[in-house]
Amino acid sequence: MALPTLTPEQRADALAKAAEARKARSELLASIKSGERTIASVLGKAKEDKTIGKTKVAALLKAVPGLGAVKVAALLEQTGIDPDRRAAGLGDRQRSALIDALN
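Definitions and limits used
- Residues numbered from 1 in each chain as written.
- Predicted model: local features only at pLDDT ≥ 70, side-chain atom pairs only at ≥ 80, totals over all residues.
- Heavy atoms only, no water.
- Helix = DSSP H or I, 4+ residues; strand = E, 2+ residues; numbered from the N terminus.
- Expected span 1.5 Å × (residues − 1).
- Buried < 20%, exposed > 50% of the residue type's maximum accessible area, 1.4 Å probe, protein only.
- Contact = heavy atoms within 4.5 Å.
- Core = buried A, V, L, I, M, F, W, Y, C linked by side-chain atoms within 4.5 Å.
- UniProt positions renumbered as here; feature names shortened; annotations may be inferred.

Enquirer: Would you take a moment to explain helix α1 (residues 8-34) for this structure?
Expert: Each α-helix turn comprises 3.6 residues. Residues three or four places apart therefore point the same way. Here α1 spans 39 Å end to end across 27 residues, near enough to the 39 Å set by a 1.5 Å rise per residue. Considered for burial, the residues of α1 that qualify are L28, S31 and I32. On its buried face, α1 sits against α2 (39-44), α3 (50-53) and α4 (57-62). Just past α1, the residue G35 takes up positive phi, approximately 90 degrees.

Take a look at the structure:
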């Protein structure tokens, strides 16, 4: 399937929207890293907040201090969550299992 041809204005709008989304995700991850937000509160808002919902669970977990790529991979495997799963795609059981495993 071919990509639609965009006018220069549409392309500029799409680029601005993408940049804004990247900035919002970056701020979200920084707030988790600084301890301003907990992973439990962030995952609880994943269904309502598009920025949180579209962020991969692995990226959210890697932002938690003390969790690196290896621990995150083990944690996701232990809880049965696909590494490519986005936060909005988590079920209630998966979310609670992940939060329990972190505590």
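Enquirer: Please clarify how the nonpolar core should be interpreted in this entry.
Expert: A general trend in soluble globular proteins is that nonpolar side chains are found buried together. Counting 22 residues, the largest nonpolar core has I32, L43, L60, L61 and L98 as its most contacted members. Of all the secondary structure elements, the ones that give two or more residues to this core are α1, α2, α4, α5 (69-79) and α6 (92-102). When residues of this core are assigned to their parent elements, the largest contribution, four residues, is made by α4. Once you skip the residues sitting within four places of it in the chain, L98 turns out to touch L43, V57, L61, L75, T79, I81 and L90.

Enquirer: Explain the UniProt feature "domain: Integration host factor-like helix-two turn-helix" (unreviewed entry) in the protein here, please?
Expert: Cross-referencing UniProt, the feature "domain: Integration host factor-like helix-two turn-helix" (unreviewed entry) maps to residues 32-100 in the present numbering. The span residues 32-100 is 57% helical and 0% strand by assignment, and the distance between its end C-alpha atoms comes to 18 Å.

Enquirer: Would you explain the side chain of T55 in this entry?
Expert: Within the element layout of this structure, T55 appears in the loop between α3 and α4. The contact partners of T55, leaving out residues within four places of it in the chain, are R25, L28, L60, R86 and A87.

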